[in-house]
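Notes for the structure review
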Amino acid sequence: MTHTTVLSSRVADLNGLLNDWNDWGKDHVLGESSALGVSMSQTMVGGDRAGEVNASFQWESIDQAMEGIATLTASSRLMDMYQSSGVTPIRRSMAKLLAQRGTREGQYTSILMCTGDMADEATSSSNADTMWDGLSGAANGYAINHVIAGGEYTGMYALVSWTDSLDAFMEAANTTNTSAPVQQIMSNQNIKFVSRSLSRIL
């Protein structure tokens with residue numbers, strides 16, 4: 001399974017950053033590192049994280065991620081872009097992808113942080129199937145991630161959904177989360193919701 005790292009920052013000139021990112025920054029990241037994919041979002045609602053800009057990178061392994069991060073950090077061109085746009089990095093986290101359904105496309109994302117007992121990939125895949133049955137009508141994609149390095153979130157699960165309508169998604173999520181199959185999963189694994197953040201894809 002792949003791993004994801006997320007660099008969260010405060011940005012003074014978001015429009016300037018996005019212009020450079022779309023012009024050359026994204027291609028530079030993919031060309032200079034071994035990242036499998038990269039995307040950018042902004043947390044709009046999520047407690048004290050509201051307004052943060054998040055650069056999400058997908059990697060084949062932890063070692064690859066470490067090498068890739070070092071390569072990108074050493075890029076003077078990227079550092080100049082950060083400086084000119086007033087980028088202030090706040091934190092970097094890493095999670096392991098346990099299961100995914102659908103695609104990573106949409107106008108918005110919902111990230112639900114949960115605590116719970118450890119589960120293997122087979123169990124996570126079965127859980128994803130159950131969740132996707134309820135969410136697929138309102139979401140483009142759904143992923144179960146286990147945070148392996150993320151400060152106070154280390155050890156938690158990050159349930160990420162991609163959608164084009166948060167109204168439709170939240171209605172589907174509420175229905176799905178209160179269904180008997182999902183309630184059984186939550187009971188079996190002692191899953192408890194911690195926080196949710198809603199973001200727009202940039």
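This text goes with the structure placed above it.
Here we summarise the structure given alongside this text. What you see is a predicted model, and the numbers here were worked out from it, not measured in a lab. Numbers given for residues are sequential positions, taken from 1 along each chain in its written order. Side-chain atom pairs in this predicted model are given and counted only at pLDDT of 80 or more, local residue features only at pLDDT of at least 70, and totals for whole chains, interfaces and linings cover all residues. Side-chain figures throughout are based on the complete set of non-hydrogen atoms in the structure, without hydrogens or water.

Our focus in this paragraph is the sheet that holds strand β7 (residues 157–163). Strand order in this closed barrel of eight strands is β1-β3-β2-β8-β5-β7-β6-β4, and the pairing throughout is antiparallel. Strand after strand, the sheet turns through a mean of 35 degrees between neighbouring axes, direction not considered. DSSP calls a pair of strands paired once it identifies at least 2 bridges connecting them. In this text, helices come from DSSP runs of H or I with a minimum length of four residues, and strands from runs of E with a minimum of two, each type numbered from the N-terminal end. In terms of strand pairing, strand β1 (residues 3–11) meets strand β4 (residues 87–102) through nine bridges, oriented antiparallel. Following the sheet pairing, Thr-5 is matched in β4 by Met-94. Axis definition: a line fit to C-alpha positions, over the contact stretch in the case of helices; interaxial angles, taken between N-to-C directions, run 0 to 180 degrees.

We count a salt bridge whenever a side-chain nitrogen from Lys or Arg sits within 4 Å of a carboxyl oxygen from Asp or Glu. Following the criterion strictly, the structure yields three salt bridges and no others. Between Arg-91 and Glu-52 there is a salt bridge; the shortest N-O distance is 2.7 Å. A residue pair is termed long-range when its members are at least 10 positions apart, and Arg-91 in strand β4 and Glu-52 in the loop between β2 (37–45) and β3 (53–59) qualify at 39 residues. The residue Glu-121 makes a salt bridge to Lys-96 at a minimum N-O spacing of 3.3 Å. Here Glu-121, found in helix α4 (residues 121–135), pairs with Lys-96, found in strand β4; they are 25 residues apart in sequence, far enough to count as distant.

This paragraph deals with the side chain of Ser-197. Here Ser-197 shows up in strand β8 (residues 192–201). Residues are treated as being in contact if the distance between any of their heavy atoms lies within 4.5 Å. Residues within four places of Ser-197 in sequence aside, it is in contact with Thr-43, Val-45, Gly-46, Thr-109, Ser-110 and Ile-111.

Moving on: the nonpolar core. Generally speaking, nonpolar side chains in soluble globular proteins are found buried as a group. Among the nonpolar cores identified, the biggest contains 23 residues, and Leu-17, Val-29, Phe-57, Trp-59 and Met-81 are the most heavily contacted of them. Mapped onto this core, the elements with two or more residues apiece are β1, α1 (14–32), β2, β3, α2 (62–73), α3 (76–85) and β4. Aside from chain neighbours lying at most four places away, what touches Leu-17 is Val-11, Met-40, Met-81, Ser-85 and Val-87. Of all hydrophobic cores here, the second largest spans 22 residues; its members include Leu-98, Cys-114, Trp-132 and Ile-185. Grouping buried Ala, Val, Leu, Ile, Met, Phe, Trp, Tyr and Cys residues that are joined through side-chain atoms within 4.5 Å yields what is termed a nonpolar core. Under the scheme applied here, a residue whose accessible area is under 20% of the maximum for its type counts as buried, over 50% as exposed, and between as partly exposed, the area being computed with a 1.4 Å probe on protein chains only.

Two kinds of site are reported from a 1 Å grid over the protein atoms alone, namely cavities, where a 1.4 Å probe fits but cannot get out, and pockets, open sets with protein on both sides within 12 Å along at least five of seven lines, and residues are called lining when an atom falls within 4 Å of a point. Grid points are joined across faces, edges and corners, and a volume is the space filled by probe spheres set on the points. One pass over the structure, following the stated rule, counts one cavity of 30 Å³ or more. The space that makes up the largest cavity amounts to roughly 280 Å³. Looking at the largest cavity, it is lined by 22 residues, and the ones nearest its centre are Met-131, Tyr-142, Ile-144, Leu-159 and Ile-191. Of all the secondary-structure elements, those providing two or more residues to the lining of the largest cavity are β5 (108–115), α4, β6 (141–149), β7, α5 (166–177), α6 (180–189) and β8. Nonpolar residues are Ala, Val, Leu, Ile, Met, Phe, Trp, Tyr, Cys and Pro. Charged residues are Asp, Glu, Lys and Arg, and all others, Gly as well, are polar. A per-class count over the lining of the largest cavity returns 15 nonpolar, six polar and one charged.

Time to look at the environment of Ser-125. In this fold, Ser-125 is placed in helix α4. Accessibility expressed as a relative area gives 26% for Ser-125, which makes it partly exposed. Considering only alpha carbons, one finds Ser-125 and Asn-54, 71 residues apart in sequence, at a separation of 26 Å. When sequence neighbours within four positions are dropped, the list of residues in contact with Ser-125 reads Ala-99 and Arg-101.

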